[in-house]
Amino acid sequence: EKVWKRSEQLGEKGYTIVVHGKYKHEETRATFSHASREAPTLVVRDLEMAKLLSRYLKKEIPEQQFYIDFKGRYSDTFQVERDLMRIGVVNQTTMLATETQEIAEFLKVAMQEAYGTDSINEHFADTRDTLCYATSENQRSVYSLIESRGDLALIVGGYNSSNTSHLVELCEQHLPAFHIKDAGEILDQNSIRHLDYKSGQVIETLDWFPHNREKVDILVTAGASCPDALVDQVLRKVASLSKLDIEVSSAIESFSL
């Protein structure tokens with residue numbers, strides 16, 4: 001809703017709306033449909049596509065090529081010369097907040113190169129306030145967890161949750177990470193069932209839990225819409241593997257009061 005309202009404001013001020021998202025994702029399609037009623041709208045998938053767009057902003061590529069490169073991603077009656085003079089970036093809320101910010105900053109620089117720094121506010125809208133609060137907070141928290149270091153990470157959330165898969169992606173860059181939908185996916189100390197975000201398949205991994213170690217540090221987090229109860233169940237299941245059930249149950253209950 002926040003993104004839609006911001007899109008309306010951008011349209012009223014004559015800005016073209018650039019949506020950072022996966023074009024076939026239901027949220028992006030809804031945002032695109034809503035935004036395109038207010039203003040010319042365009043979807044970019046990632047930074048590479050934003051870099052391509054920047055070349056059109058700076059008129060480095062003939063405008064007719066735009067309709068080929070961005071086929072199916074722009075609103076009806078979109079006119080390159082007219083509609084790329086003023087832009088504002090909003091996002092599909094499940095996309096990485098840091099990636100949206102990177103795309104926005106990159107396009108802002110491109111507009112500065114095209115129109116100069118002094119008039120940048122006439123050509124580029126500041127839309128940093130449109131990022132989903134819960135999603136961006138979760139991502140910042142995961143960065144903090146990663147900095148604290150650990151042996152492995154468990155990320156709890158539905159297998160069709162984009163924001164959960166992004167958390168997995170962040171963790172996997174630094175340590176073994178397992179996306180599980182609930183505590184039932186932790187079969188025992190030897191095997192765990194989880195979603196492999198690269199293949200999109202649910203797989204079973206053996207020897208996932210470090211054995212014969214005095215101390216094992218496990219990072220646990222969850223998608224923005226994941227119920228706390230599911231996280232509690234995962235904590236209890238992990239604790240049972242190390243025979244720490246009583247201590248963890250006591251800790252969880254103290255936070256529930």
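Residues numbered from 1 in each chain as written. Predicted model: local features only at pLDDT ≥ 70, side-chain atom pairs only at ≥ 80, totals over all residues. Heavy atoms only, no water.

A.B. asks: How do you make sense of unusual backbone geometry when you look at a structure like this?
C.D. replies: Phi is positive for Lys59, close to 60°, though the residue is something other than glycine. Along the chain, Lys59 falls in the loop between helix H3 (47-57) and helix H4 (63-69). For Thr77, which is not a glycine, the phi torsion comes out positive at approximately 65°. When you line up the elements, Thr77 lands in the loop between H4 and helix H5 (80-83). (Helix = DSSP H or I, 4+ residues; strand = E, 2+ residues; numbered from the N terminus.)

A.B. asks: Sorry if this is basic, but what is going on with the sheet that holds strand S1 (residues 16-20) here?
C.D. replies: Paired through backbone hydrogen bonds, the strands of a sheet run either parallel or antiparallel to each other. As summarised here, the arrangement of the 4 strands in space is S2-S1-S3-S4, forming an open sheet in which the pairing is parallel. Looking along the sheet, the strands with just one partner apiece sit at the ends: strand S2 (41-44) and strand S4 (124-125). Running at roughly 175° to strand S3 (residues 87-91), helix H6 (residues 97-115) makes contact with S1, S2, S3 and S4 of the sheet. (Pairing = 2+ DSSP bridges. Contact = heavy atoms within 4.5 Å. Axes fitted to C-alpha atoms, helices over the stretch in contact; angles between N-to-C directions.)

A.B. asks: Would you mind going over the packing of helix H1 (residues 2-12) against helix H2 (residues 26-36) with me for this structure?
C.D. replies: In helix packing, the relevant descriptors are the interaxial angle and the interaxial distance, both defined with respect to the helix axes. Viewed as axis vectors pointing N to C, H1 and H2 meet at an angle of 25°, and their least axial separation amounts to 9 Å. The angle between the axes of H1 and H2 places the two elements in the roughly parallel class. Seen along the crossing, H1 lies across H2 with a hand that is right-handed. Across the interface between the two elements, Val3, Trp4, Ser7 and Glu8 of H1 pack against Ala30, Thr31, His34 and Ala35 of H2. For the contact of H1 with H2, the per-class residue count stands at 4 nonpolar, 3 polar and 1 charged. (Parallel < 35°, antiparallel > 145°, perpendicular 65-115°, else oblique. Left-handed = near helix turned anticlockwise from the far one by under 90°. Nonpolar A, V, L, I, M, F, W, Y, C, P; charged D, E, K, R; others polar.)

A.B. asks: Please clarify how the nonpolar core should be interpreted in this entry.
C.D. replies: Looking at soluble globular proteins, one finds that nonpolar side chains tend to be buried together. If you look at the biggest cluster of nonpolar residues, it comprises 24 residues, and the most contacted ones within it are Leu53, Phe66, Leu84 and Leu107. Going through the elements one at a time, S2, H3, S3 and H6 are the ones with two or more residues in this core. With 6 residues, the single largest contributor to this core is H3. Those residues in contact with Leu84 that lie beyond four places of it in its chain are Leu53, Tyr56, Leu57, Phe66, Phe78, Gln79, Met111 and Tyr115. Counting 16 residues, the second-largest nonpolar core is a separate cluster that includes Val156, Ile180, Ala183 and Phe209. (Core = buried A, V, L, I, M, F, W, Y, C linked by side-chain atoms within 4.5 Å. Buried < 20%, exposed > 50% of the residue type's maximum accessible area, 1.4 Å probe, protein only.)

A.B. asks: Can you walk me through H2 in this structure?
C.D. replies: Each α-helix turn comprises 3.6 residues. Residues three or four places apart therefore point the same way. All of the buried residues in H2 are Thr28, Thr31, Phe32, His34 and Ala35. Contacts from the buried residues of H2 go to H1, S1 and S2.

A.B. asks: What exactly am I supposed to notice about the pattern of salt bridges here?
C.D. replies: Where charged atoms from two side chains of opposite charge come close, those side chains can pair. The tally for this structure, following the rule as stated, stands at 7 salt bridges. Among the salt bridges present, the one from Lys51 reaches Glu48, with a minimum N-O distance of 3.5 Å. Note that Lys51 and Glu48 are positioned in helix H3 at a spacing of 3 residues, about one turn of the helix. Here Glu122 ties to Arg86 by a salt bridge, and the two come within 3.6 Å at their closest N and O atoms. (Salt bridge = Lys/Arg side-chain N within 4 Å of Asp/Glu carboxyl O.)

Just geometry here; none of it tells us what the structure is for.
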